[in-house]
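What follows is each chain in one-letter form.
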Amino acid sequence: MTAARREQLLSYAVLGVFCVIAIYPILSIVLLALHERSDLVTGFSIPDSLSLNTFRVAWDEGGLGRGLLNSFIVAGTVAAVTAVLSTLAGYAFGTMRFRGADTLFYLLLIGLIFPYEATVIPLYYVFKDAGLTDTYWALILPQIGLSVPFGTFWMRAFFRSSPSALVEASRLDGASSFATLWRVLLPQAWPAITTMIVLVFMWTWNEFLLALIMIQSDDLRTAPLGLALFAGANRGSQDTTLTAAAAVLVALPVMLVYVFLQRSFIRGMFAGAVKE
């Protein structure tokens, strides 16, 4: 056996081990949710017959419909606004030269390294004085502020890796900065933008602490917050199948978003990896 063949087999073995480690807890939760509520399940167990009744009960008792809708509104709005603002800011930092650009960019990057948990309580009192607590804005505005630094960093890297000849040619033709972005660079940037949207959508969807502090009304609870409260309510009855079914329902939208956009997501991850 050649050395290259041994390295290939070793690589596949390592990847297989990590795949099992990653997939096992997900598969065990899905199988647990497919059991009947009367089944006694301990650990990894395949049900004798597949039952979707647990999902229906979890949906009705947990009020997940409203929570999923709220999460879609918040995550969709944050992802869309972040995409627009980050693309414009990344284009400016990546292709334009102006005084104080580096200082402004590094100042913006403080949002990536500063722990937002330290700002949640002050934000609560600021939003309370402004009358914005227990509203969608209490969830949307802070998460836009948290996501724009990452999005700007992401799009700046893409625009800096784009061929400068395209920008120079469009400017020689008399195109404005906005026309250059819209007609020349944006069609190439869609994979990077799609990847950024998917990441921001997932992070916003999974946000729990902000919703826990800012939201008191049952009608405005997000899906992760509703899942936590539902799991706590079922803890006394030890009804793990309902909790597993609710967890699957909450995670399903993010998985579907990734499945439908995975090609653009993978292209965006490698966009700008090679500079020509």
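Please refer to the structure higher up on the page.
Residues numbered from 1 in each chain as written. Predicted model: local features only at pLDDT ≥ 70, side-chain atom pairs only at ≥ 80, totals over all residues. Heavy atoms only, no water.

Student: Sorry if this is basic, but what is going on with the overall build of the chain here?
Tutor: When you go through the chain residue by residue, the secondary structure sums to 13 helices and 0 strands. In the chain, the succession of helices and strands from N to C terminus is α-α-α-α-α-α-α-α-α-α-α-α-α. Relative to its full complement of 276 residues, the chain shows a buried share of 39%. Pairs at least 24 apart in sequence give 73% of the contacts found in the chain among residues at least 6 apart. Total accessible area on the chain is roughly 16100 Å²; 67% of this is exposed by carbon and sulfur atoms. (Helix = DSSP H or I, 4+ residues; strand = E, 2+ residues; numbered from the N terminus. Buried < 20%, exposed > 50% of the residue type's maximum accessible area, 1.4 Å probe, protein only. Contact = heavy atoms within 4.5 Å. Areas by Shrake-Rupley, 256 points an atom, 1.4 Å probe, with all protein chains shown as cover.)

Student: What exactly am I supposed to notice about a nonpolar patch on the surface here?
Tutor: The grouping of F98, L104, L107, I110, L112, I113, F114 and F153 at the surface amounts to a nonpolar patch, some 790 Å² of accessible area in total. Those elements that place two or more of their residues in the nonpolar patch are α4 (101-108) and α5 (110-113). If one sorts the elements of the nonpolar patch by residue count, α5 sits on top with 3 residues. Relative to the helices and strands, F114 resides in the loop between α5 and α6 (120-129). (Patch = residues over 30% accessible without salt bridge, like charges linked within 9 Å, V, L, I, M, F, W, Y side chains within 5 Å. Salt bridge = Lys/Arg side-chain N within 4 Å of Asp/Glu carboxyl O.)

Student: Before we go on, may I ask you to explain the pattern of salt bridges in this structure?
Tutor: Where side chains of opposite charge bring their charged atoms close, a pairing between them can arise. Across all of its chains, the model carries 2 salt bridges by this definition. Note that D60 is salt-bridged to R56, the shortest N-O span being 3.7 Å. Taken as a pair, D60 and R56 lie in helix α2 (residues 53-62) at a separation of 4 residues, close to a single helical turn. R221 is the partner of D218 in a salt bridge, and the nearest nitrogen-oxygen pair spans 2.6 Å.

Student: What exactly am I supposed to notice about the packing of aromatic side chains here?
Tutor: Any two aromatic rings considered together are summarised by their centre-to-centre distance and by the angle between their planes. Going through the model one piece at a time under the given rule, you end up with 13 aromatic pairs. Summarising the aromatic geometry, the rings of F72 and W205 are spaced 5.0 Å apart at their centres and angled 70° between planes, so their arrangement reads as edge-to-face. Residue F72 is found in helix α3 (residues 64-95), and its partner W205 is found in helix α9 (residues 177-205); the two are separated by 133 residues along the sequence. Among the residues examined, F72 registers a relative accessible area of 41% and is labelled partly exposed. On the accessibility criterion, W205 (1% relative accessible area) is buried. (Phe/Tyr/Trp six-rings, centres within 6.5 Å; stacked < 30°, edge-to-face > 60°.)

Student: Would you take a moment to explain the nonpolar core for this structure?
Tutor: Generally speaking, soluble globular proteins have nonpolar side chains that are buried together. Core analysis: the largest hydrophobic core is formed by 56 residues, its most contacted members being M155, F159, M196 and W205. For this core, the element with the most residues is α9, which contributes 11 residues. Setting aside chain neighbours within four positions, we find W205 in contact with L68, S71, F72, A75, A223, P224, V250, P253 and V254. (Core = buried A, V, L, I, M, F, W, Y, C linked by side-chain atoms within 4.5 Å.)

Student: Got a minute to help me understand the layout of surface pockets in this structure?
Tutor: Rolled over the atoms, a probe as big as a water molecule pinpoints where empty space is left. The space that makes up the largest pocket amounts to roughly 230 Å³. Residue lining of the largest pocket: I23, I26, I29, V30, A247, V248, A251, L252 and M255, and that is the complete set. (1 Å grid on protein atoms, 1.4 Å probe; cavity = no way out; pocket = protein on both sides within 12 Å on 5 of 7 lines; lining within 4 Å. Points joined across faces, edges and corners; volume = space filled by probe spheres on them.)

Student: Sorry, what's going on with the environment of N70 here?
Tutor: Looking at the secondary structure, you find N70 in helix α3. N70 sits 150 residues away from L220 along the chain, and the two C-alpha atoms are 6.3 Å apart. Not counting residues up to four positions away in its chain, the partners in contact with N70 are Y136, D219, L220, R221 and T222.

Student: What is the right way to read the environment of T222 from this model?
Tutor: Along the polypeptide, T222 turns up in the loop between α10 (209-214) and α11 (223-234). Given a relative accessible area of 5%, T222 falls into the buried group. Residues T222 and V74, spaced 148 residues apart in sequence, show a C-alpha to C-alpha distance of 8.5 Å. When sequence neighbours within four positions are dropped, the list of residues in contact with T222 reads G67, N70, S71, L139, E207 and A211.

Student: Is there a simple way to think about α9 in this case?
Tutor: Along an α-helix, a turn takes 3.6 residues, which lines up residues three or four apart on a common side. The end-to-end C-alpha distance of α9 is 34 Å, clearly below the 42 Å that 29 residues give at a rise of 1.5 Å each. By the largest-angle criterion, L186 marks the main kink of α9, which is about 65°, and a proline, P187, follows within four residues. (Expected span 1.5 Å × (residues − 1). Bend = angle between axes of the 7 residues up to and from the residue.)

Student: Would you mind going over the packing of α3 against helix α12 (residues 240-260) with me for this structure?
Tutor: Axis angle and axis distance: for two packed helices, these are the angle between their axes and the distance between the axes, and together they describe the pair. Contact geometry of α3 with α12 gives a least axis separation of 11 Å together with a crossing angle of 25°. Classified by the interaxial angle, the pair formed by α3 and α12 is roughly parallel. Here the hand of the crossing between α3 and α12 comes out right-handed. Of the residues in α12, those touching α3 at L64, L68 and F72 are A246, L249, V250 and P253. (Axes fitted to C-alpha atoms, helices over the stretch in contact; angles between N-to-C directions. Parallel < 35°, antiparallel > 145°, perpendicular 65-115°, else oblique. Left-handed = near helix turned anticlockwise from the far one by under 90°.)

Student: Mind showing me how you'd approach the side chain of R156 here?
Tutor: When you line up the elements, R156 lands in helix α7 (residues 137-161). In this structure R156 is buried but unpaired, with D102 as the nearest side chain of opposite charge at 4.8 Å. Setting aside residues no more than four positions away along its own chain, R156 makes contact with G90, F93, G94 and F105. (Lys, Arg positive; Asp, Glu negative; His and termini not counted.)

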